[in-house]
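Residues per chain are reported as follows:
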Amino acid sequence: MSVLPLVFTSGWASGINAYAVVLLLGVAGRAGITDEVPPSLQRTDVLLIAAALFLCEAVADKIPYVDSAWDAVHTVIRPVAGAVVAALLAGQSGSLSELAAGAVGGSTALASHLVKAGTRLAVNTSPEPASNIVVSLAEDLGVAGIVTFALFHPLPAAIIAAVLLVLGVTVVLLLLSRIRRALRRRRERKERKNRNGTPAPT
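Residues numbered from 1 in each chain as written. Predicted model: local features only at pLDDT ≥ 70, side-chain atom pairs only at ≥ 80, totals over all residues. Heavy atoms only, no water.

A.B. asks: Break down the overall build of the protein chain for me, with residues and values.
C.D. replies: Summing up its helical and strand segments, the protein chain has seven helices and zero strands in all. Overall, the protein chain shows an N-to-C arrangement of helices and strands of α-α-α-α-α-α-α. Along the three orthogonal principal directions, the C-alpha set of the protein chain runs to about 70 × 35 × 30 Å. Evaluated residue by residue, the protein chain yields a buried proportion of 43% over its 202 residues. Just so you have it, the protein chain exposes about 10,400 Å², and 72% of that area is on carbon and sulfur atoms. Here the protein chain contributes 18 positively and 13 negatively charged side chains, and the mean placements of these two sets differ by 13 Å. (Helix = DSSP H or I, 4+ residues; strand = E, 2+ residues; numbered from the N terminus. Buried < 20%, exposed > 50% of the residue type's maximum accessible area, 1.4 Å probe, protein only. Areas by Shrake-Rupley, 256 points an atom, 1.4 Å probe, with all protein chains shown as cover. Lys, Arg positive; Asp, Glu negative; His and termini not counted. Charge placed at Lys NZ, Arg CZ, Asp CG, Glu CD.)

A.B. asks: Explain the pattern of salt bridges to me, and be specific about the residues and the numbers.
C.D. replies: Tallying each qualifying case throughout the model produces 10 salt bridges. Between Asp 67 and Arg 120 there is a salt bridge, with the nearest N and O atoms lying 2.9 Å from each other. Of this pair, Asp 67 sits in helix H3 (residues 66-93) while Arg 120 sits in helix H4 (residues 98-123); the two residues are 53 residues apart in sequence, bridging distant segments of the chain. What makes Asp 67 buried here is its relative accessible area of 0%. (Salt bridge = Lys/Arg side-chain N within 4 Å of Asp/Glu carboxyl O.)

A.B. asks: Which residues make up helix H6 (residues 154-174), and what values do they have?
C.D. replies: In a regular helix each residue adds 1.5 Å, so 21 residues correspond to 30 Å; H6 covers 30 Å between its end C-alpha atoms and thus fits that length. By the burial criterion, the buried members of H6 are Pro 154, Ala 157, Ala 158, Ala 161, Leu 165, Gly 168 and Val 172. The buried residues of H6 occupy an angular sector of 100 degrees when projected down its axis, which confines them to one face. Among the exposed residues of H6, those oriented more than 90 degrees off its buried face are Leu 155, Val 166, Leu 173 and Leu 174. (Expected span 1.5 Å × (residues − 1). Arc of directions from axis to C-beta.)

A.B. asks: Would you mind going over the packing of helix H1 (residues 4-30) against H6 in detail, with residue names and values included?
C.D. replies: To characterise two packed helices, one gives the angle between the axes of the helices and the distance between these axes. The contact between H1 and H6 brings their axes to 8 Å, and the two run at 40 degrees. It follows that H1 is oblique to H6 by the angle criterion. In this structure, the crossing between H1 and H6 has a hand that is left-handed. Where H1 approaches H6, its residues Pro 5, Leu 6, Phe 8, Thr 9 and Trp 12 are matched on the opposing element by Pro 154, Leu 155, Ala 157, Ala 158, Ala 161, Ala 162, Leu 164 and Leu 165. Class assignment for the residues of the contact of H1 with H6 results in 12 nonpolar, one polar and no charged. (Axes fitted to C-alpha atoms, helices over the stretch in contact; angles between N-to-C directions. Parallel < 35°, antiparallel > 145°, perpendicular 65-115°, else oblique. Left-handed = near helix turned anticlockwise from the far one by under 90°. Contact = heavy atoms within 4.5 Å. Nonpolar A, V, L, I, M, F, W, Y, C, P; charged D, E, K, R; others polar.)

A.B. asks: Could you give me a rundown of a positive patch on the surface, with the residues and numbers involved?
C.D. replies: On the surface, a cluster of positive charge is made up of Arg 178, Arg 181, Arg 184, Arg 185, Arg 186, Arg 187, Arg 189, Arg 192 and Arg 195. The residue Arg 184 is located in helix H7 (residues 176-197) in this model. (Patch = residues over 30% accessible without salt bridge, like charges linked within 9 Å, V, L, I, M, F, W, Y side chains within 5 Å.)

A.B. asks: Could you give an account of unusual backbone geometry, naming the residues involved and the relevant values?
C.D. replies: Residue Tyr 65 is not a glycine yet carries a positive backbone phi of 75 degrees. Looking at where Tyr 65 falls in the secondary structure, it is placed in the loop between helix H2 (44-60) and H3.

A.B. asks: Outline the layout of surface pockets, supporting the account with residue identities and numerical values.
C.D. replies: Take a probe with the size of a water molecule and roll it over the atoms, and the empty space left behind shows itself. In this structure, the largest pocket occupies an estimated 350 Å³ of space. For the largest pocket, the lining is made up of 16 residues, of which Trp 12, Ile 16, Val 115, Thr 119 and Glu 139 are closest to its centre. Every element with two or more residues in the lining of the largest pocket is listed here: H1, H4, helix H5 (130-152) and H6. Tallied by class, residues from the lining of the largest pocket come to 10 nonpolar, four polar and two charged. What the second largest pocket holds in volume is close to 220 Å³. Lining of the second largest pocket is provided by 14 residues; of these, Tyr 19, Val 22, Val 46, Ala 81 and Val 85 occupy positions nearest its centre. (1 Å grid on protein atoms, 1.4 Å probe; cavity = no way out; pocket = protein on both sides within 12 Å on 5 of 7 lines; lining within 4 Å. Points joined across faces, edges and corners; volume = space filled by probe spheres on them.)

Quick look at the structure:
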């Protein structure tokens with residue numbers, strides 16, 4: 001069977017939490033759950049680093065505004081991780097060229113990352129922090145569930161990931177006004193901080 005559905009699903013999940021994807025796939029490979037995971041993702045050092053970074057993301061992702069700063073830093077990291085994981089999966093399977101897999105995984109990761117980042121900007125317009133925690137937990141559980149499901153049923157998992165991606169894009173488009181308001185507030189806050197930090201003229 002072609003590895004394309006798993007590539008697409010891992011790309012979608014990488015755009016939300018790349019470290020969780022590497023950790024889940026690596027552990028699944030080490031446990032013998034699947035033969036699709038390449039040895040490079042099963043290495044102990046890779047799993048330890050992924051676990052440490054996953055814990056960092058689990059904390060940062062639940063703090064208002066810190067989550068958006070974390071997303072900004074990962075605008076490059078998540079798509080690259082999605083492309084690398086996809087290429088490694090394709091190389092292990094041999095049913096899809098690594099270049100094509102990297103393109104699918106990277107572009108899908110970029111799309112889902114932009115959906116996540118846009119949604120978080122909208123969530124951060126809410127004054128209470130509970131919504132950030134709820135959304136973050138939903139994302140973590142969603143990634144874990146779909147990646148695990150994809151190891152056993154890759155095609156249905158890819159369909160679910162595609163539906164979630166389309167729904168996410170639709171939600172972001174509907175929340176554009178709220179996102180613009182969040183960006184404007186952030187810009188005004190930064191300007192006030194700069195003015196307060198500038199010494200008064202003598």
